[in-house]
Amino acid sequence: EPEVTQTPSHQVTQMGQEVILRCVPISNHLYFYWYRQILGQKVEFLVSFYNNEISEKSEIFDDQFSVERPDGSNFTLKIRSTKLEDSAMYFCASSEDWQETQYFGPGTRLLVL
Amino acid sequence: ELKVEQNPLFLSMQEGKNYTIYCNYSTTSDRLYWYRQDPGKSLESLFVLLSNGAVKQEGRLMASLDTKARLSTLHITAAVHDLSATYFCAVVAAGNNRKLIWGLGTSLAVNP
């Protein structure tokens, strides 16, 4: 069964460093999303992406964040200068259509020290 | 702004018992999802509910949607230990809106 994959599974970084989180969505899906979940808290929407551009973003998704689809398979989230409060689990998701179920990857646990 | 509330947030129940988790949302919604999350794991889609009166069942779980009351329920029948997990509802506001707004989750522990 097709699934969303994410790398790395864990990343530890120093405050102020740049990180890139990678995702490979399900191959026939057209809509891509990033969410984050701070430990023990609810899932928060960051951004949705379709047709090589951002469809919607939350207030969390400020200038420190960017997304890219550098090739036909990868979808990346970049955090330019990490802060302590960026420590969270980051989930990538994809869907066939915007009305369809979003399928989530296993997540990347980011720890900013 | 769409807000999603779940209750209870924590639920400890015995195997074999029935219980219901509630999800209320504050504005008109296009659709509502239920997801399951095991500790340290990803989010697994359980149900998507698209219209008023929608009811879906999978095994011991049944989800329903009342759009007039802005309420969804996830009913657990004859709980088993394997159902122990956190259950989230997530809602998309009406209109051309692609983001899911999530409840805080209900942490369910099913005890022998």
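About the criteria used
- Residues numbered from 1 in each chain as written.
- Chains lettered and ligands numbered in written order.
- Predicted model: local features only at pLDDT ≥ 70, side-chain atom pairs only at ≥ 80, totals over all residues.
- Heavy atoms only, no water.
- Helix = DSSP H or I, 4+ residues; strand = E, 2+ residues; numbered from the N terminus.
- Buried < 20%, exposed > 50% of the residue type's maximum accessible area, 1.4 Å probe, protein only.
- Phe/Tyr/Trp six-rings, centres within 6.5 Å; stacked < 30°, edge-to-face > 60°.

Which residues make up unusual backbone geometry, and what are the values?
Between threonine 7 of chain A and proline 8 of chain A the backbone carries a cis peptide bond, its omega angle lying at -10°. Along the chain, proline 8 of chain A falls in the loop between strand 1 (5-7) and strand 2 (10-13). Omega for the peptide link from asparagine 7 of chain B to proline 8 of chain B comes to 0°, which places this bond in the cis form. By the secondary structure assignment, proline 8 of chain B is in the loop between strand 1 (4-7) and strand 2 (10-14). Even without being a glycine, arginine 70 of chain B presents a positive backbone phi close to 55°. Assignment of secondary structure puts arginine 70 of chain B in the loop between strand 7 (61-66) and strand 8 (71-76). Judged by its relative accessible area of 31%, arginine 70 of chain B falls in the partly exposed class.

Lay out the packing of aromatic side chains in plain terms, naming residues and giving numbers.
Inspection of the entire model under this criterion finds 15 aromatic pairs over all chains. For the pair phenylalanine 32 of chain A and phenylalanine 75 of chain A, a centre-to-centre distance of 5.4 Å together with 40° between the ring planes defines the contact as tilted. In this pair, phenylalanine 32 of chain A sits in strand 4 (residues 31-37) while phenylalanine 75 of chain A sits in strand 8 (residues 75-79), placing the two residues 43 residues apart along the sequence. Residues phenylalanine 32 of chain A and phenylalanine 75 of chain A agree in their burial class; the two are buried. For the pair tyrosine 35 of chain B and tryptophan 102 of chain B, a centre-to-centre distance of 5.1 Å together with 40° between the ring planes defines the contact as tilted. Note that tyrosine 35 of chain B is positioned in strand 4 (residues 29-37) and tryptophan 102 of chain B in strand 10 (residues 101-102), a separation of 67 residues in sequence. Across this residue pair, the class does not change: tyrosine 35 of chain B and tryptophan 102 of chain B are buried. Connected via pairs of aromatic rings, a cluster forms that spans Tyr33, Tyr35, Phe45, Phe91 and Phe104 of chain A together with Tyr33, Tyr35, Phe88 and Trp102 of chain B.

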